[in-house]
Amino acid sequence: MLETNVDQKSFKFKIVLLGEGCVGKSSLVLRFVENKFSCKHLSTIQASFQNKTVNVEDCQADLHIWDTAGQEKYHALGPIYYRGSNGVLLVFDITDRKSFEKVKNWVLEIKTCLGNTAEILIVGNKIDLEEERQVTRQDAEAYAESEGALYMETSAQDNVGISDAFESLTAKMIEHSRTRSTEPPSTNRSIRLIDNDEAERSKKCCR
Amino acid sequence: MNSPGVSANFFIPLSFDATSLIKYKLSDDLLARVAASGSLRSSSCRSAVWRLVLRCLPYETSDWEISLSRSRNLYRAHKENHLIDPHDTKFSQDPEFNNPLASIEQNPWNTFFEDNDLRDIIGKDVSRTFPEIEFFQNTSIRQMMSDILLVYAKEHPFVNYRQGMHEILAPLIFVIYSDNEAFQHAKENDELKMLTVEEEDILNCLFCKEYLEQDSYNLFCSVMLEVSRWYEEPTVTESPKRPIPKEPYMRVQDSAPASRLMEDLIDIGNLLHEIDPTLAKHLSTLDIPPQLYGIRWLRLLFGRELPLHDLLFLWDVLLIDRPIAPLAKCMFVSLLVQIRHLLLSSDYGGCLQYLMRYPPIADIDSFVKLARHYRNPKKNAKPMIKSNNFSHITVAGSSHPNRTQRPQRPPAAVNSKNDGAESPSTILALAPVFQKVKNTIRDRSNTVSGPSSPRRSNEPLREPLRTPQKKDNWANEVQMMEEQVSTLQTRLNEQDMMCCQVSKALEIYAEDVRNAKSSELCAVLSQNLLELSKTLMSIKTVPVGTSPPKHSRNGISDIQPKPRDSQPIRQHNEMVDMATKRPPL
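Residues numbered from 1 in each chain as written. Chains lettered and ligands numbered in written order. Predicted model: local features only at pLDDT ≥ 70, side-chain atom pairs only at ≥ 80, totals over all residues. Heavy atoms only, no water.

**Some remarks on the overall build of chain B**
Here is step 1: Scanning chain B from terminus to terminus reveals 22 helices and 0 strands.
Here is step 2: If you sum the accessible surface of chain B, you get close to 25700 Å²; carbon and sulfur atoms cover 54% of it. (Helix = DSSP H or I, 4+ residues; strand = E, 2+ residues; numbered from the N terminus. Areas by Shrake-Rupley, 256 points an atom, 1.4 Å probe, with all protein chains shown as cover.)

Take a look at the structure:
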């Protein structure tokens, strides 16, 4: 699927959104894909899927976006969706400290399971609620930098920074796929023989 | 109390309301036939039927009062037990043990804080339940849902609360509430005159508004007995910590099933392979196993795949066929088979869009028949299904992401007929109706601006980009109307079917009268005939003007709080009224 070719102009990427419940993951996607906002929408159960094509500089990228359920109990399902991702969007709510701590867990998990095959973008959402802010921009930026991730702030309600966020991530993914020849795991269709021992261990890592 | 004359095997009551609960000899068999016939769609005792088939209520009506008071008291006790108020005098009020900071085991505040976290999680979901239905915006209903879910979680620690349960509970509360209201309404209108005082007391006790919360909890627990298998935590069979392998990552469908949910999804994959190998192969080539999208389908019992009024009908059929898992699996596969032409012609992204936003079903009745056919092919004939889904819209009524820019005509579903009950003359009769509806819309589009079709969610507050697309929106509007007309057509089909049943029942009674020897039996039979004719006169339909647009849940909020009226069916061309009675476009 991906070739390490500097002249390549069209790309296909898989992006997954992860984060605590109610931080606005679905709203980000809704705003990005359909340019809509709704304050009354349903909880995401399991996951949801969208695709959108974006143009970054002179390249075109077809994005497959997986939006996941945020509730703790669904955490175990994470791997189904981030497997083979080229980009991970970790979303937290700037008015909720707990959701930021949750991002840190996700970073650990993603790094363990995907290694450096995926670009990470941390997003602080709901900046329209500036007066209730609990996580400062400096804190979040410093943390992101220490993890080698991007950091951006958005408001799905006021449409601030959303397309920037997705485009920056896309640019990173393009750069990534050009510079590294590692093939993402999802494209690996060959049959692997996994002995039980190993199978058990790979289940383990999803927790 | 139950009249013995009306228990014949072939008998399906034409309408089933509160008094039917008393009149008929209730049994699983009768209720299964009632449910499958669709009679409950317009009935005001659906909640009672659900409670009966799920064994929340015994079949013997005389036992109801005791059984109800027992279950209601039980809930009250659970609630007192689990919803902790540290200021309650049942706890020691000694500040040494009872204060928010005391780190002592018996401190009631510990539980209080723990529960608060859970309450918080539940609250996030409850406040996002059916956002477009007025009923669920009510604070007391929300509070009630939160309490029920919290008590359930505490009473069932192994299941606990998990996202999705709120959407199992919501329709249950809604149905019980509506039935209670309808009963009050019937009482006020003196519709219960044929009942004795004792019989009315029993129903009074059953449809008692004050116990909405208790009764909902009770029904919810029974439904969860069936559904909780899909909410269980995966069984953890791991050995002590070992290094985690970075790669390769196993595909979800390759891993050993860790829960009954995953087992069932694997079963579903196999069943699909048996029923439709081509489709199964297509999806597996694209790497789209049921596990990828199907958890939500099962956990919500298809709650997001169907508009609420069709969903309730689906549950009618599902809840009586217990354990429900086998039929649910068949329904799952039917949902896939129904849209096979869409799936087979789509790529990875397209397929996922269809599976994540399931295209609304045009005729739910033939869908249910298909599912029942897969469940028991020998007993249930396979319905003729051509295309039965509207691929251009979502259940919410907004346009489907897979739809191309150019407005498409809805698939032939509107004109093609799916089950045998339909006569060609109905189709012919409908052709001018479509034209009229279209014309109405077109006329209006010249004078009025800014269409607003009912949408389920995603209603944009700010939508700077939408104005230039006015023309396209009108096309959407027309499509929406066409689809609503088809809803009404489906409803007409149901009426047709009822008429067929009535005529069959009449024939049978006629035969019985001819063979009757005693005058006593004659009296019973003539009583039956009279009832039959009364039902025939008052075949219940939701008044056309207020009927919810089939594929939008918004309409529900218009009709829900009031009891369903009975209105005699009128002429076909009344459907045109729908266009004129709709809210200003």
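This is not the end of the story, as more comes after the structure.
**A short note on the sheet that holds strand 4 (residues 87-93) of chain A**
Residue and element names in this part refer to chain A.
Here is step 1: Here we have 6 strands laid out as an open sheet, ordered 2-3-1-4-5-6, and mixed in their pairing. Among the strands making up the open sheet, the edge pair consists of strand 2 (47-56) and strand 6 (150-153). Across this sheet, the average inter-strand angle for adjacent strands is 25°, counted without regard to direction.
Here is step 2: Both strand 4 and strand 5 (residues 119-125) contribute to a ladder of 7 bridges, which runs parallel. Following the sheet pairing, Asp93 is matched in strand 5 by Asn125.
Here is step 3: In the packing of helix 5 (residues 162-179) onto the sheet, contacts are made with strand 1 (10-18), strand 2, strand 3 (59-68), strand 4, strand 5 and strand 6, and the angle to strand 1 comes to roughly 125°. (Pairing = 2+ DSSP bridges. Axes fitted to C-alpha atoms, helices over the stretch in contact; angles between N-to-C directions. Contact = heavy atoms within 4.5 Å.)

**Looking at the packing of helix 12 (residues 290-299) of chain B against helix 16 (residues 348-356) of chain B**
Residues and elements named next belong to chain B.
Here is step 1: Interhelical geometry of helix 12 versus helix 16 gives an angle of 10° and a closest axis separation of 10 Å. Relative to helix 16, helix 12 is oriented roughly parallel. Two secondary-structure elements touch here, helix 12 through Leu292, Tyr293, Arg296 and Trp297 and helix 16 through Tyr348, Leu352, Leu355 and Met356.
Here is step 2: When its residues are assigned to classes, the contact of helix 12 with helix 16 shows 7 nonpolar, no polar and 1 charged. (Parallel < 35°, antiparallel > 145°, perpendicular 65-115°, else oblique. Nonpolar A, V, L, I, M, F, W, Y, C, P; charged D, E, K, R; others polar.)

**Thoughts on the domain arrangement of chain B**
Residue and element names in this part refer to chain B.
Here is step 1: Looking at the assigned domains, one finds that chain B contains domain 1 (18-92 + 104-228) and domain 2 (256-375).
Here is step 2: One C-alpha centre belongs to domain 1, the other to domain 2, and the line joining them spans 28 Å.
Here is step 3: Both faces considered, domain 1 and domain 2 share a buried interface measuring about 2100 Å² in area, 66% of it formed by carbon and sulfur atoms.
Here is step 4: Our count for the contact surface shared by domain 1 and domain 2 stands at 3 salt bridges.
Here is step 5: Elements with a contribution of two residues or more to the side of domain 1 that touches domain 2: helix 2 (28-37), helix 3 (46-53), helix 7 (165-188) and helix 9 (212-227).
Here is step 6: Residue classes in the side of domain 1 that touches domain 2 are distributed as 16 nonpolar, 2 polar and 7 charged. (Domains from an automatic or database assignment. Buried area = accessible area lost by both parts, 1.4 Å probe. Salt bridge = Lys/Arg side-chain N within 4 Å of Asp/Glu carboxyl O.)

**A word on the pairing of strand 4 of chain A**
All names here are of chain A.
Here is step 1: Burial analysis of strand 4 places 7 of its 7 residues in the buried class, the great majority of the element.
Here is step 2: Burial along strand 4 is two-sided: the residues Gly87, Leu89, Val91 and Asp93 and Val88, Leu90 and Phe92 are all buried.
Here is step 3: Both strand 1 and strand 4 contribute to a ladder of 4 bridges, which runs parallel. Paired with Ile15 across the two strands is Gly87, which belongs to strand 4.
Here is step 4: Read from strand 4 through helix 3 (residues 97-114) to strand 5, the crossover connection turns out right-handed. (Buried < 20%, exposed > 50% of the residue type's maximum accessible area, 1.4 Å probe, protein only. Right-handed = clockwise from strand over helix to strand, strands pointing away.)

**Some points on the nonpolar core**
Here is step 1: Counting residues in each nonpolar core, the largest one holds 155 residues, and the members touching the most others are Ile122 of chain A together with Phe16, Leu21, Trp64, Leu203, Phe220 and Tyr293 of chain B.
Here is step 2: A per-element tally of this core places helix 7 of chain B first, with 11 residues.
Here is step 3: Looking at which domains feed residues into this core, each of domain 1 (18-92 + 104-228) and domain 2 (256-375) of chain B gives three or more.
Here is step 4: Residues within four places of Leu203 of chain B in sequence aside, it is in contact with Ala18, Leu21, Ile22, Trp64, Phe183 and Leu195 of chain B.
Here is step 5: One finds Val23, Phe37, Val91 and Ile174 of chain A within the second-largest nonpolar core, a separate group that totals 27 residues. (Core = buried A, V, L, I, M, F, W, Y, C linked by side-chain atoms within 4.5 Å.)

**Focus: the packing of aromatic side chains**
When we look at a pair of aromatic rings, we describe it by the centre distance and by the angle of the planes.
Here is step 1: Scanning the entire structure with this criterion turns up 25 aromatic pairs over all chains.
Here is step 2: Put simply, the rings of Phe130, Phe135, Phe136, Phe174 and Tyr177 of chain B pair up and form one aromatic cluster.
Here is step 3: Lying across the ring of Phe32 of chain A, Lys52 of chain A places its NZ or CZ 4.9 Å from the centre.
Here is step 4: The lysine or arginine in question, Lys104 of chain A, covers the ring of Tyr143 of chain A, its NZ or CZ lying 5.3 Å from the ring centre. (Phe/Tyr/Trp six-rings, centres within 6.5 Å; stacked < 30°, edge-to-face > 60°. Lys NZ or Arg CZ within 6 Å of the ring centre and 35° of its normal.)

**Looking at the side chain of Arg299 of chain B**
Here is step 1: Mapped onto the elements, Arg299 of chain B comes out in helix 12.
Here is step 2: For Arg299 of chain B, the side chain forms a polar contact with the main-chain oxygen of Trp230 of chain B, separated by 2.5 Å. (Polar contact = N/O pair within 3.5 Å; in protein donor to acceptor, adjacent residues only side chain to side chain.)

**Side note on helix 4 (residues 64-82) of chain B**
Residues and elements named next belong to chain B.
Here is step 1: Over its 19 residues, helix 4 extends 27 Å from the first C-alpha to the last, a length consistent with the 27 Å expected when each residue adds 1.5 Å.
Here is step 2: Along helix 4, the positions that sit buried rather than exposed are Trp64, Ser67, Leu68, Ser71, Arg72, Tyr75, His78 and His82. Each buried residue of helix 4 sits inside an arc of 125° when the element is viewed along its axis, so together they form one side. For helix 4, the exposed residues set more than 90 degrees away from the buried face come down to Ile66, Arg70 and Glu80.
Here is step 3: Buried residues along helix 4 sit against helix 1 (18-23), helix 3, helix 5 (108-126), helix 6 (139-155), helix 8 (197-206) and helix 9. (Expected span 1.5 Å × (residues − 1). Arc of directions from axis to C-beta.)

**Section: the packing of helix 12 of chain B against helix 14 (residues 325-338) of chain B**
All names here are of chain B.
Here is step 1: Axis separation between helix 12 and helix 14 bottoms out at 11 Å; the angle between their running directions is 120°. Between helix 12 and helix 14, the angle falls in the class oblique. As helix 12 packs across helix 14, the resulting crossing turns out to be right-handed. Contacts from Pro290, Tyr293, Gly294, Trp297 and Leu298 of helix 12 reach helix 14 at Phe332, Leu335 and Leu336.
Here is step 2: By residue class, the composition of the contact of helix 12 with helix 14 is 7 nonpolar, 1 polar and no charged. (Left-handed = near helix turned anticlockwise from the far one by under 90°.)

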